[in-house]
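Residues per chain, in single letters:
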Amino acid sequence: MQNSSSDLLIIGAGLTGLSLAYFLRNSGLKIHLLEARERVGGRIHTLYPVGQAPLEMGATWLGKKHTALVSLLDELGIATFEQQLGGRAIYEPISTSPHQLVQLPANDEPSYRISGGTTALIKHLAKAIPPAQLQLGTVVQRIKRTESGVEVISNRGTFTAKKVVSTLPPNLLASTIAFEPALPSSLQAVMHQTHTWMGDSIKISLSYTQPFWRKPPLSGTVVSNVGPIPELYDHANVEDTAYALKGFLNGAYFSATKAQRLQLVLRQLEKYYGSQVRDFIAYEEAVWREEPYTFAPYQHPILPHQNGGHELYQRSYWDNRLFIAGSETARAFPGYMNGAVQSARYIAQILAPSTDG
């Protein structure tokens, strides 16, 4: 595929890139996807350890309000199941008082998980892409406008196309890829000031043979203002035959070692569950700040969802040769899986309005 030519180059084979290729599958366009990682999925990354529950190290939850994502799952025949919260939660409001067990109110908008793990969606989408159209391990370095289209220069050669769509987080795109000619300064400023969802996150999981947290008066749902784990949830598989606890670790611990983070996790959970938390099968974590194909340091402090769905992302550039897509660019639910799917559908309708997507 090196030095190949196509109608459309898609940079990034995460949920946006794969969904875009899927929506355009009947468009007649010659499409190629370039992915820097040696795997597809981007910020969707499910681990499948033998004999354990699928472990979500990336995007996990959705709701019925995420209509673009729900519609795609229905189309692909992928089932979902409700996140189990239980009737109570362990709540730790301040460090000077012991944790409490509180009643959870009725949940009118429950969260759902994808049966078989979120990567099940990625696998279904990837099936629609002929292997020759996807190149992994391809790190884009420069994008150049030409008289007839664009050139994309990578570590694996130069690719030419009539149009290119980037699905990378905007700050990563602006920080790691050079453009010739330069993009408008207003767009560059917005990209550098757009929050990369998941980029600050540390996800952790502990697998167990039995769900001891379901025994009264315990709970697998934890909310703590003390930390270092602010949130924790029951993470059993859909069949409820393999068990885990999964949550977030405060992002400030990205510079600690994995062993140090594990001890921080165990010490906090020991307060709630006692010594049985140390009888885990396996500990897994994902420090997304250390993922060079997701996160790039910000030039200035950034707020969550800052500039998500910005108006400048709804435009095309270089006389309709360049489009900036991705979850952060979506007008609704930017940063979430729904945003990724919505962005892909939006771009697909621009590129091939006659296709049914």
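Being a predicted model, the structure only gives us computed values, none of them experimental.

Residues and numbers for the overall build of the chain, please.
For the chain, the helix and strand inventory stands at 7 helices and 20 strands. Relative to the 2.2 N^0.38 estimate, which gives 21 Å for 357 residues, the radius of gyration of the chain is 21 Å and therefore close to what a compact globule would have. Each of the three principal axes of the chain carries a C-alpha extent, and together these read 70 × 40 × 35 Å. The contacts in the chain between residues at least 6 apart in sequence include a share of 70% that link residues at least 24 apart. Within the structure as shown, the chain displays about 15500 Å² of accessible surface, and the carbon and sulfur contribution to it stands at 52%.

How would you explain helix H3 (residues 119–127) if you had to name every residue and give the values?
Structural remark: α-helix, 3.6 residues per turn; residues separated by three or four positions point the same way. Buried within H3 we find Thr-119, Ala-120, Leu-121, Ile-122 and Leu-125. Summarising the contacts, the buried residues of H3 are in contact with helix H1 (15–23), strand S3 (46–47), helix H2 (67–76) and strand S8 (112–114).

Kindly report on the sheet that holds strand S16 (residues 231–234), identifying the contributing residues and their values.
With mixed pairing, the 7 strands of this open sheet are ordered in space as S7-S6-S15-S16-S17-S14-S18. Because the sheet does not close on itself, it has two edges, and the strands there are strand S7 (100–103) and strand S18 (282–287). Here the average twist between neighbouring strands, direction ignored, is 20°. Two elements, S16 and strand S17 (residues 243–249), share 4 bridges in a ladder whose sense is antiparallel. Residue pairing for S17: Tyr-233 is matched across the bridge by Lys-246. Its contacts with the sheet place helix H6 (residues 258–273) against strand S6 (88–92), strand S14 (202–208), strand S15 (222–224), S16, S17 and S18, and it is angled at close to 120° to S18.

Residues and numbers for the packing of H1 against helix H7 (residues 337–351), please.
Where H1 meets H7, the closest approach of the two axes is 8 Å, and the angle between their N-to-C directions is 40°. Relative to H7, H1 is oriented oblique. Both H1 and H7 take part in a crossing whose hand is right-handed. The segment H1 lies against H7, with Leu-15, Thr-16, Ser-19, Leu-20 and Phe-23 engaging Met-337, Ala-340, Val-341, Ser-343, Ala-344, Arg-345, Ile-347 and Ala-348. Considering only residue class, the contact of H1 with H7 consists of 9 nonpolar, 3 polar and 1 charged.

Criteria and thresholds
- Residues numbered from 1 in each chain as written.
- Predicted model: local features only at pLDDT ≥ 70, side-chain atom pairs only at ≥ 80, totals over all residues.
- Heavy atoms only, no water.
- Helix = DSSP H or I, 4+ residues; strand = E, 2+ residues; numbered from the N terminus.
- Rg over C-alpha atoms; globule rule 2.2 N^0.38 Å.
- Contact = heavy atoms within 4.5 Å.
- Areas by Shrake-Rupley, 256 points an atom, 1.4 Å probe, with all protein chains shown as cover.
- Buried < 20%, exposed > 50% of the residue type's maximum accessible area, 1.4 Å probe, protein only.
- Pairing = 2+ DSSP bridges.
- Axes fitted to C-alpha atoms, helices over the stretch in contact; angles between N-to-C directions.
- Parallel < 35°, antiparallel > 145°, perpendicular 65-115°, else oblique.
- Left-handed = near helix turned anticlockwise from the far one by under 90°.
- Nonpolar A, V, L, I, M, F, W, Y, C, P; charged D, E, K, R; others polar.

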